[in-house]
Amino acid sequence: MQLTRIAQALLLSLFAGHAGAATLDSTREQIAAQAKALEPELLETRRDIHAHPELGNTEKRTSELVVKQLKAMGLEVKTNVARTGVVAILKGALPGPTVALRADMDALPVKEVADLPFASKAKGTYLDKEVDVMHACGHDAHTAILLSTAKILTNMRATLPGTVVFYFQPAEEGPSDFIPDGKNTWGAKMMVEEGVMKAPKPDAVFGLHVWAGVPAGQIAYRPGATLASSDDLRIKILGKQTHAGRPWDGIDPITVGAQTIVGLQTVVSRRTDISSYPSVVSIGTINGGTRYNIIPESVDMSGTIRSYDYGIRQKLHADVRQTIEKIAESGGAKADVTIIEKYDPTINNPALTEKMLPTLKWAAKDDVVNAPLVGGAEDFSFFAKEVPGLFVFLGVTPRDQDMSKAAPNHNPGFFVDESALVVGVRTMASLATDYLYGNAEAAR
């Protein structure tokens, strides 16, 4: 009797394994076929959004376009999330886990130079100034990819084990209507604060970013730390104004500022352990003085601090603050230092990354490579801080071009080879289905 039960269990196990494989293969076939069929619609949506870009926290038209398409699919839709964001929920017919997919919608204050029939001619308001606006980082592609993904998964609802949540996020590039001060939030962090990851709570979250300098259709990924944290550094050096011909009568904040810039370079080169991860402290602006022969009262500087590890990040903050304050003190001046934490490091969950690697290889037809550390920052980090996350890069530079000469993201010449977008759809759709099918039994 006992042997019979063991034999039955083994047979059931083998059958389940074959059934699972068949389900995976058939699901991927459906995804590939639907992605190809939806490609004209995908490109039309991307071009529409590209021609009408909107800055962070002003994505009204884009949100309306997204909502219209999602409601046409029959999905449960929430609007005005984190000001202009959209969340949609797809409940599969079968029980299973919950997975979240994210796309960002905002553009940048950049003037497009490409001669495209759908090139942006849009204007926007950035910190009370009129500016040209362009999708110079590919968020138009992200939004179009996720809309096509939602349509494919909705068509598979009858066999879908679990729930898929779609996050259409505003202001990934930051707000256009206020300067971050450490108090106000925006984008992904604001969505998390408003509870989008609580009802329903995903078991995993996936994101994708198109990337210049990577061959179109190739996927680059990295387990662990992938993108840097981003913190604003703001410095005011307070001295004492005097005639430039009598500097001894005052305290020169310009000289102190120059010494501060040089001193800050030693924070990374001499005080930070870079054997595991690199770090960066950069000064980007210096403002002080009104006339050549007047030593001013003060000098203002701003910069950025980048790191990939939470512990290193906090030590950098302490060392930067101490360096600035002590240099100012040595010159008889005073320094006011403000460090505003904006984005956390984006860290791909190693176990999830390894588990989903076969999915990435299928989606990109084995054209998958390891990505280097990226010095840029992404607020996808706030989603991946709540649950295991995976964020990958999709190459969009034409394969016949020199990758080293491609205009980078955030550049007026940034260009998307649209042949890569269908790979993005296959990637996002298969990440969702492979995860759901692979974890359905455990969720029950």
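Refer to the structure above for everything that follows.
Residues numbered from 1 in each chain as written. Predicted model: local features only at pLDDT ≥ 70, side-chain atom pairs only at ≥ 80, totals over all residues. Heavy atoms only, no water.

(A) Region of interest: the nonpolar core. Ranked by internal contacts, the top residues of the largest apolar core, which has 69 residues, are Leu 70, Phe 166, Phe 168 and Phe 206. Here this core takes ten residues from helix α10 (residues 421–443), the largest share from any one element. If near-sequence neighbours (up to four positions away) are discounted, Phe 206 is found in contact with Val 99, Ala 100, Leu 101, Arg 102, Leu 352, Met 356, Phe 380, Leu 390, Met 428, Leu 431 and Tyr 435. Judged by nonpolar contacts, the second largest core, of 29 residues, contains Ala 82, Met 190, Phe 380 and Phe 393. (Core = buried A, V, L, I, M, F, W, Y, C linked by side-chain atoms within 4.5 Å. Buried < 20%, exposed > 50% of the residue type's maximum accessible area, 1.4 Å probe, protein only. Helix = DSSP H or I, 4+ residues; strand = E, 2+ residues; numbered from the N terminus. Contact = heavy atoms within 4.5 Å.)

(B) Representation of the sheet that holds strand β12 (residues 280–288) in the model. With antiparallel pairing, the four strands of this open sheet are ordered in space as β12-β14-β10-β15. Every other strand in the sheet has two partners, leaving β12 and β15 (334–343) as the edge strands with one partner each. Averaged over all adjacent pairs, the angle separating strand axes in this sheet is 20°, with direction ignored. Here strand β10 (residues 230–238) runs beside β15; their pairing, made up of nine bridges, is antiparallel. Paired with Leu 233 across the bridge in β15 is Ile 339. The strands touched by helix α6 (residues 253–271) within the sheet are β10, β12 and β14 (298–306), with β12 carrying the most contacts at an inclination of about 170°. In the packing of helix α7 (residues 310–330) onto the sheet, contacts are made with β10, β12, β14 and β15, and the angle to β15 comes to roughly 160°. (Pairing = 2+ DSSP bridges. Axes fitted to C-alpha atoms, helices over the stretch in contact; angles between N-to-C directions.)

(C) Structural detail: the pattern of salt bridges. What the rule picks out here adds up to 22 salt bridges. Measuring nitrogen to oxygen at the nearest pair gives 2.8 Å for the salt bridge that ties Glu 41 to Lys 151. On the criterion of sequence distance, the pair formed by Glu 41 in helix α2 (residues 39–51) and Lys 151 in helix α4 (residues 139–155) is long-range, its members being 110 residues apart. Classification of Lys 151 as partly exposed rests on a relative accessible area of 24%. Through salt bridges that share partners, Arg 46, Arg 47, Asp 140 and Glu 418 make up one connected network. (Salt bridge = Lys/Arg side-chain N within 4 Å of Asp/Glu carboxyl O.)

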